[in-house]
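Examining the three-dimensional arrangement
If you want the building blocks of each chain, they are given just below.
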Amino acid sequence: MNIFRVNHLLFLMLLFFLNACKTTNQTIAQSKSSKPNIILFFVDDLGWSDLGFRNSIFETPNINELAKSGINFNQAYIASPTCSPSRATLLTGQHPARLKMVRHIPAGKNFGFDPFDRTDIEFHKLPTDPAQFPSRNWLPLENVSYAEALADLGYYNLFFGKWHLGSEKYHPVKQGFHKQIGTSNFGHPKSYYPPYFKQDTIYPEKNEVFLTDKLTNDAVDFIKNYDKKSPFMLTFSYYSVHTPHQGRKDWVKHYKEKGLEDRYANYAAMVSTTDESVGKVLKAIKEKGIEKETIIIFLSDQGGFFENLPLRGGKMTETLFEGGARVPFFVNWPGVTKPNSLNNSVVQSTDLFPTLIEIAGGNVSKFKNLDGVSLVSTIKKNDNLERGNPIFGYRAYEDLYVSVRDGDWKLLAYRSGKLELFNIAKDASEKEEISKNHPEKVKQMVAKLVQWENEMGVSEYSGIK
């Protein structure tokens, strides 16, 4: 064999080796990308219109950019716009009515809680609730959480911040999360400056560090130091912008100089500090070099405390109207979503659980009694989601207790038997009640509501006469 043939053979062997390495690296990359990291930002009480790109009062450049970077679901709803039910549904994919958690978990000795929000009483009733619906005081451990499901699929799960689904026996580490940071029994802090909680051993801090910043610093440290081979899911469940409305001092000063009065300046300051937090976490992902393999999801747990114009309603009043139930919801999936994708599909927080399972490569059909649908196909194609069935909002506080959103139509039902109908496509502000003009539509939607109440096991509390 002459030297030419030897060199040619060596060249072919080297070429084969390089192609093999390339194929192996592609396989590893494909395998890794099939299980992307996931970061879920879940903000408390952030209204649909409380962001800079919808309301110029607020300065939120990082969240604005996140909304533009992927798909913005313009009509996203919380199944029960209230702290505890919204979290229970997000975690399990089951509707609050099915879970029998239709109010926030209360506190105080009148409801049987100790000073640190612990109780052994499983249900409570609210004196002002016309239906006297008994609502749970914790999320039972037998419910499968997305953390448990993702752990089975190889994910490391970390939980930051607000839980509000029960005391220590029911905390995130009991529901499939590998670690929790900054989690308390309480629905909100007593102060956003330390000591943050009545039980000051929960998240001790001696320096004057704003709570949102404290959580953010720990989240950034986790990202910087994460060295496991498995993908991670980081759930950042903010206490902000829930009361007490106490903004970080520099931002409060800034908004007061812009002319906002005290309570609005404090609220706007909390929104901007949350925006800073989002920006710092996203920067940490980029500096780690994993931004192309990390999905970012942003969602709020219910409508805002103040006005949510142009929408009607909010956290405190008319909560099942658009201003209370419609929330910001964005997804950035690198290599999948395209920038500036606006989607008007009607989606709900019940959809997050099946979506996360499909993203992680799991089989959604193995989970029973899910009340949502996976959004993966809609996220990939940015097409219109055909649900087939309405979405339902449900609460047990006052007369107004249920909403039915079916296509463009929305029915509101009251315990007293009152019914209201709106066409959201034409009237997102819900100014024109049109039930008398469309009696057949009302009849059709009431029939679907009755069927759904029977399926959820809540028909005995129905207001439908």
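A few points on the structure. (Residues numbered from 1 in each chain as written. Predicted model: local features only at pLDDT ≥ 70, side-chain atom pairs only at ≥ 80, totals over all residues. Heavy atoms only, no water.)

Observations concerning the packing of aromatic side chains
Applying the stated criterion to the full structure yields 36 aromatic pairs. Taking 6.0 Å as the distance between ring centres and 80 degrees as the angle between the ring planes, the aromatic pair formed by Phe58 and Tyr267 counts as edge-to-face. Residue Phe58 is located in the loop between strand 1 (37-43) and helix 2 (61-69), and its partner Tyr267 is located in helix 8 (residues 262-288); the two are separated by 209 residues in the primary sequence. For Tyr267, a relative accessible area of 2% puts it in the buried group. Aromatic pair Tyr196 and Phe197: ring centres 6.4 Å apart, planes at 70 degrees, arrangement edge-to-face. (Phe/Tyr/Trp six-rings, centres within 6.5 Å; stacked < 30°, edge-to-face > 60°. Helix = DSSP H or I, 4+ residues; strand = E, 2+ residues; numbered from the N terminus. Buried < 20%, exposed > 50% of the residue type's maximum accessible area, 1.4 Å probe, protein only.)

Examining the pairing of strand 5 (residues 156-161)
Consecutive residues of a regular strand have side chains that alternate between opposite faces of the sheet. Along strand 5, six of the six residues are buried, which leaves the element largely enclosed by surrounding structure. Relative to strand 6 (residues 179-181), strand 5 is paired through three bridges, and the arrangement is parallel. Residue pairing in the sheet places Leu158 in a bridge with Lys179 of strand 6. (Pairing = 2+ DSSP bridges.)

Focus on the nonpolar core
Ile39, Phe41, Phe160, Phe222, Phe232, Phe236 and Phe298 are the most contacted members of the largest nonpolar core, which has 52 residues in total. Elements that contribute at least two residues to this core include exactly strand 1, helix 2, strand 5, helix 6 (211-225), strand 7 (232-237), helix 7 (249-257), helix 8 and strand 8 (294-300). It is helix 8 that contributes the most residues to this core, 10 residues altogether. What Phe232 contacts, discounting residues up to four positions off in sequence, is Pro36, Asn37, Ile38, Ile39, Tyr155, Tyr156, Phe222, Tyr226, Ile285 and Ile290. Ranked by size, the runner-up nonpolar core spans 44 residues in total, among them Leu139, Ala149, Ile297 and Val347. (Core = buried A, V, L, I, M, F, W, Y, C linked by side-chain atoms within 4.5 Å. Contact = heavy atoms within 4.5 Å.)

Comments concerning the sheet that holds strand 13 (residues 400-406)
Strand pairs in the sheet, formed through backbone hydrogen bonds, run parallel or antiparallel to each other. Strand order in the open sheet formed by four strands is 12-13-14-15, and the pairing between neighbours is antiparallel. Looking at which strands have only one partner, the edges of the open sheet turn out to be strand 12 (391-394) and strand 15 (419-423). Strand after strand, the sheet turns through a mean of 15 degrees between neighbouring axes, direction not considered. Bridging between strand 13 and strand 14 (residues 409-414) involves six bridges; their strand directions are antiparallel. Bridge pairing in strand 14 places Arg405 opposite Lys410. Most of the contacts of helix 12 (residues 439-456) go to strand 13, to which it runs at about 115 degrees, and overall it touches strand 12, strand 13, strand 14 and strand 15. (Axes fitted to C-alpha atoms, helices over the stretch in contact; angles between N-to-C directions.)

Re the pattern of salt bridges
With the rule as written, the count across this model stands at 30 salt bridges. For Arg248, the salt bridge identified is with Asp213, shortest N-O distance 3.0 Å. One end of the pair, Arg248, is in the loop between strand 7 and helix 7; the other, Asp213, is in helix 6, with 35 residues separating them in the sequence. Classification of Asp213 as buried rests on a relative accessible area of 12%. One network of salt bridges, with partners in common, ties together Asp44, Arg87, Lys162 and Asp301. (Salt bridge = Lys/Arg side-chain N within 4 Å of Asp/Glu carboxyl O.)

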